[in-house]
Amino acid sequence: MQIETRGSNELVITGNIKSVEDSQDIKKAMQLLQQNGARNMLLKIQDSFSMTSTVIGFLMKLVNVDKIPVSLVVGDPRLYQLLEELNLVQAFNVRSAGK
């Protein structure tokens, strides 16, 4: 998995989000954006079909506790379906990369 920071509030994630290290890397990258003053965050998850519970929990903390709006653009329909089944599409402003 690779993370690229674009601008002051955007992360582009390529590869599968599957390991503890992946989760930690995403969390660190998002915390850095937050420390640098990001008032909202956009994650473009290009091709991962899954997301660890650690990442989901951190995103929920950002949205519900820190009050930082998060938007996800997902490339793989399986990840979109997972987030839909977890009732997180609205909370994370999820949209498909194809839409």
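Our subject is the structure listed above.
Per chain, the residues get numbers from 1 upward, laid out in the order the sequence is written. Whole-chain, interface and lining totals are the exception, using all residues; otherwise, since this is a predicted model, local features are given only for residues with pLDDT of at least 70 and side-chain atom pairs are given and counted only at 80 or more. Only hydrogens and water are set aside when side-chain values are computed; all heavy atoms of the structure are taken into account.

A.B. asks: Help me understand the pairing of strand S3 (residues 41–45), please; the structure alone is not making it clear to me.
C.D. replies: Consecutive side chains of a regular strand alternate in pointing toward one face of the sheet and then the other. Here's how the labels work: a residue is buried when its accessible area is under 20% of the maximum for its type, exposed when over 50%, partly exposed in between, all with a 1.4 Å probe on protein chains only. Numbered from the N terminus, helices here are DSSP runs of H or I no shorter than four residues, and strands are runs of E no shorter than two. Counting buried positions along S3 gives four out of five residues, so the element sits mostly inside the fold. Here four bridges tie strand S2 (residues 10–14) to S3, and the two strands are oriented parallel to one another. Note on S3: the bridge partner recorded for Val 12 is Lys 44. Note on handedness: a clockwise path from strand one over the helix to strand two, with the strands aimed away from the viewer, defines a right-handed crossover. Following the chain from S3 across helix H2 (residues 53–64) to the adjacent parallel strand S4 (residues 70–74), one finds a crossover that is right-handed. A strand pair is defined by DSSP finding two or more bridges across the two strands.

A.B. asks: How do you make sense of the pairing of strand S1 (residues 2–6) when you look at a structure like this?
C.D. replies: Here five bridges tie S1 to S2, and the two strands are oriented antiparallel to one another. Residue pairing for S2: Thr 5 is matched across the bridge by Leu 11. Here S1 hands over to S2 after three residues, with Gly 7 in that stretch at a positive phi of 65°.

A.B. asks: How do you make sense of unusual backbone geometry when you look at a structure like this?
C.D. replies: As a rule of thumb, non-glycine residues mostly have phi less than zero, and peptide bonds are mostly trans rather than cis. Of note, the phi angle at Lys 67 is positive, near 60°, even though the residue is not glycine. Inspection of the secondary structure assignment puts Lys 67 in the loop between H2 and S4. Looking at Lys 67, the relative accessible area reads 63%, which means it is exposed. The phi torsion at Asn 87 lies on the positive side, around 55°, for a residue other than glycine.

A.B. asks: Explain the sheet that holds S4 here, please?
C.D. replies: Strand pairing within a sheet occurs via backbone hydrogen bonds; the two strands may be parallel or antiparallel. The five strands are arranged S1-S2-S3-S4-S5 in an open sheet whose pairing can be described as mixed. Looking along the sheet, the strands with just one partner apiece sit at the ends: S1 and strand S5 (94–96). Averaged over all pairs of adjacent strands, the angle between strand axes in this sheet comes to 20°, irrespective of strand direction. Here helix H1 (residues 20–35) sits on the sheet in contact with S1, S2 and S3, set at roughly 165° to S2. Every axis corresponds to a line fitted to the C-alpha atoms, with the helix fit spanning only the stretch in contact, and the corresponding angles, defined between N-to-C directions, vary from 0 to 180 degrees. Between two residues, a contact is recorded if the distance between any of their heavy atoms is within 4.5 Å.

A.B. asks: Explain the pattern of salt bridges here, please?
C.D. replies: Where side chains of opposite charge bring their charged atoms close, a pairing between them can arise. The working definition used for a salt bridge is a side-chain nitrogen of Lys or Arg within 4 Å of a carboxyl oxygen of Asp or Glu. Under the defined criterion, the tally for this structure stands at four salt bridges. With a shortest N-O distance of 3.3 Å, Lys 44 and Glu 10 are connected by a salt bridge. Within this pair, whereas Lys 44 is found in strand S3, its partner Glu 10 is found in strand S2, the two being separated by 34 residues in sequence. What makes Lys 44 partly exposed here is its relative accessible area of 28%. Accessibility expressed as a relative area gives 14% for Glu 10, which makes it buried. In this structure, the salt-bridge partner of Asp 76 is Arg 78, at a minimum N-O distance of 2.8 Å.

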